[in-house]
Amino acid sequence: MRPMENVPAGPALLTRYTHAERLTHWAVAVAYVALFLSGLAMFHPFFYWTSALFGGGPFMRVIHPFLGATFAVLFYAYALRLVRDNLLVPSDRRWLAGMFRYMNKKGAEIPVEGKYNAGQKLMYWSMVVVIALLLVTGLLMWRPYFAPGVPIPLRRLANAIHAAMAFVMFVGIGIHVYAAYWTKGSIRAMTRGTVTRAWARFHHPGWYAKVAGKDAP
Amino acid sequence: MALMSLDVTRRSASTSAAPSVRSGAIPDVAKLIDVSRCIGCKACQAACMEWNDLRDEVGTNLGTLQNPQDLTDRSWTVMRFYEQEVGDRGLQWLIVKDGCLHCEDPGCLRACPAPGAIVQYANGIVDFQQDRCIGCGYCQTGCPFDVPRFSARDQKAYKCTLCSDRVAVGLEPACVKTCPTQALSFGSKADMRDLADERVRELRERGLGQAAIYDPAGVKGTHVVYVLPHGDPGLYRLPAKPEVSPLVAFWRGGVAKTLGVLTMVGVVVAGIFHYMKVGPMEVDEHEEGRRP
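A. A look at the sheet that holds strand β11 (residues 224-228) of chain B. Residues and elements named next belong to chain B. Read from one edge to the other, the open sheet built from four strands follows the order β9-β2-β11-β10, with strand pairing classed as mixed. Either end of the sheet is taken by a strand with one partner, and the two such strands are β9 (184-188) and β10 (212-214). When strand polarity is set aside, the average angle formed by the axes of neighbouring strands in this sheet is 25°. The sheet contact formed by β10 and β11 spans three bridges and is antiparallel. Among the inter-strand pairings, Ala 212 is bridged to a residue of β11, identified as Leu 228. Its contacts with the sheet place helix α6 (residues 189-205) against β2 (29-34), β9, β10 and β11, and it is angled at close to 140° to β9.

Have a look at this one:
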C-alpha cells in the first residue's frame, strides 16, 4: 500500500496492477517508443532526423531490430500474464454495440464483466496479431543475420507488410494511450498500481465485485 | 561524396531536388556488351579489380570457368558461363558479363531510405555513396537484377560504378578499356544503340535471326545494353521483363508514404479533437462510482 497522504480522502484503494506488471508494461512502452522512432527514419525521409537520436543512420539501422526482438520478448511475456482476463465473453458484444455512445458520453457504459472491457480486449488481440506479423517480417529482413538467406521476393513482401503493420500498430497504440488519458484514473492504475473503489465500481463492476472483498483493508 | 564534376539528377530518400545546375550539357552514356564477341577471357574482371582496388577472397575451383561464382562486394563484374541447348543450333556456350545494368529508373534508388546513399548522375550512371549507406538491404529488394552486395566488413552495399570516376574525366570504364575483342564498347547511349543495331544486323546476316538488343523498357532502359545473339534473355539468365517490383514501388512510393504520415497526423488530431469536444471521462469519487 502507498502512504496514505498520496491517497484522496475516502474509500481505500484497490490494486489493479502488481509491481511486475507495471514494470513490464513500461519496459514495453519505452521499447515501443524507441522502436517507432528508429523505424520512422527508414519510412520517410521527412523523419530521417530521428536517426540522430540513435547515433546516426547506420547505428539506428543496427539497433532497430535488436530493439524489436527485445520488445517482442517483453510484450509476449506481458501478454501471457493477461491472456486469461482478455478472453472474449458474450457480454463483450453488447459493450461494443454501445461503445460509440459511451465514447461521446451519450449514454452509460455497458457494465463490464471482467477486468477489461471489450475495447481493451480487442486492442489486446489486435496487438498480439500485429506484433507477431511485425516480428516475423522483421526477422526476414534482418541484415546481416537472417535476410541473406531469405529469397528476395519474400523480403519485398516482408518489407511491405512490416511497414503497413507498423502503422496499424501506431493507430492501435495511439488509441490505447488516448483512452488511458481520457479515462481519468487509468494512468494512475499503471503508474502507482492502484485505483479507487469508485473507479473500479464505475468502469469494471464485475472485477470490482471479485476483488473488493479480497483487497479490503 | 558524389562526384561533383558529374551532375546528380536523383538522390535516394530526398524530398528536395538534387543539385543539378549544370544539367543539359551531359549526354546519357551507355556500355554495350556484345555477347557474340565475348571470348570469356575475364580481362574485364581483372581490370575492374585493378582500377577499383578490389581484391576478393580467393575461392575454390568448382570445375567451371566461372570464378568467382557470384557477384560480391569486391567482385563487381563476373563472367557467367552457361552450357545451353538453343533450339536447332544445339549446344551453345554462352558467356554473360554480369554486373549492374544502371537502370534509367533504378529500383535500388527508389527503395533506399538513406538520403543521398544512392545517386543517379545526369549521364545516367547509378552510384552508391557508401559513406551514407546504413546497411538496411532495401536496395537488394528494389533491384530487379539481384546486383547489390553487402560487405561483411562494413555492412555497406557495393556494386559496379560504371567507373564513374573515369567517365567523369572523359575516360571509358576500365572493363571497356581492357576488352581485347571489342565485345565491350562505351559511348553516348544514342551511339551505343546505333552500334547495337549494326551488330544485330550483322548477326542476323550471319544466320542468327533471333539476335536482339537487351535494353529493357520496364526500367525505362538501361545504361548497360546487351546484344544477345540468340535473342531470348532467358537463355542468358536475364529477366525477360524486368521492372521494379510493384510491392517496392508501392511501399517506397509517394502514396504509401503520404498515407503513413496522414495516418499518424490523423490519430493525433482525432485524440485532441475528441478531448476538446467530449472532455475526459471522470468518476465522481463522492458518488462512489455510481452510474449516472
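B. Representation of helix α2 (residues 57-82) of chain A within the structure. Residues and elements named next belong to chain A. Here α2 spans 36 Å end to end across 26 residues, near enough to the 38 Å set by a 1.5 Å rise per residue. Within the span of α2, buried status applies to Gly 57, Pro 58, Met 60, Arg 61, His 64, Pro 65, Leu 67, Gly 68, Phe 71, Ala 72, Leu 74 and Phe 75. In this structure, the buried residues of α2 make contact with α1 (19-43) and α5 (118-140).

C. Looking closely at the environment of B:Gln120. Secondary-structure assignment places B:Gln120 in strand β5 (residues 118-121). Other than its neighbours up to four places away in sequence, B:Gln120 contacts B:Thr9, B:Arg10, B:Pro106, B:Leu109 and B:Val126.

D. Focus on the interface of chain A and chain B. The interface is formed by 40 residues belonging to chain A together with 39 residues belonging to chain B. The leading source of residues in the side of chain A that touches chain B is helix α6 (residues 152-182) of chain A, at 13 residues. Within the side of chain A that touches chain B, the residues separate by chemical class into 23 nonpolar, nine polar and eight charged.

E. A look at the confidence of the model for chain B. Averaged over all residues, the pLDDT of chain B equals 93, while 95% of them reach at least 70. Taken over the whole predicted complex, pTM reads 0.91, whereas the ipTM for its chain interfaces reads 0.91.

F. How the structure looks around the environment of A:Leu35. Residue and element names in this part refer to chain A. Within the secondary structure, Leu 35 sits in helix α1. A sequence separation of 35 residues divides Leu 35 from Thr 70, and the C-alpha atoms of the two residues are 10.0 Å apart. With sequence-adjacent residues up to four places away left out, Leu 35 is seen in contact with His 64, Leu 67, Gly 68 and Phe 71.

G. The arrangement of the nonpolar core in detail. Counting 93 residues, the largest nonpolar core has B:Val35, B:Cys112 and B:Ile118 as the members making the most contacts within it. Residues A:Val195, A:Trp199, A:Tyr208 and B:Val283 belong to the second largest nonpolar core, which totals 11 residues.

H. Broad picture of unusual backbone geometry. With an omega dihedral of -5°, the bond running from A:Arg143 to A:Pro144 counts as a cis peptide bond. The omega torsion across B:Asn67 and B:Pro68 is 0°, close enough to zero to call that bond cis. Its place among the elements puts B:Pro68 in the loop between α1 (43-52) and β3 (78-85). The phi torsion at B:Lys42 lies on the positive side, around 65°, for a residue other than glycine.

Parameters at a glance
Residues numbered from 1 in each chain as written. Chains lettered and ligands numbered in written order. Predicted model: local features only at pLDDT ≥ 70, side-chain atom pairs only at ≥ 80, totals over all residues. Pairing = 2+ DSSP bridges. Helix = DSSP H or I, 4+ residues; strand = E, 2+ residues; numbered from the N terminus. Axes fitted to C-alpha atoms, helices over the stretch in contact; angles between N-to-C directions. Contact = placed C-beta atoms within 7 Å. Expected span 1.5 Å × (residues − 1). Buried ≥ 20, exposed ≤ 12 C-beta atoms within 10 Å, placed from the backbone. Nonpolar A, V, L, I, M, F, W, Y, C, P; charged D, E, K, R; others polar. pLDDT = per-residue confidence, 0-100. Core = buried A, V, L, I, M, F, W, Y, C linked by C-beta atoms within 7 Å.

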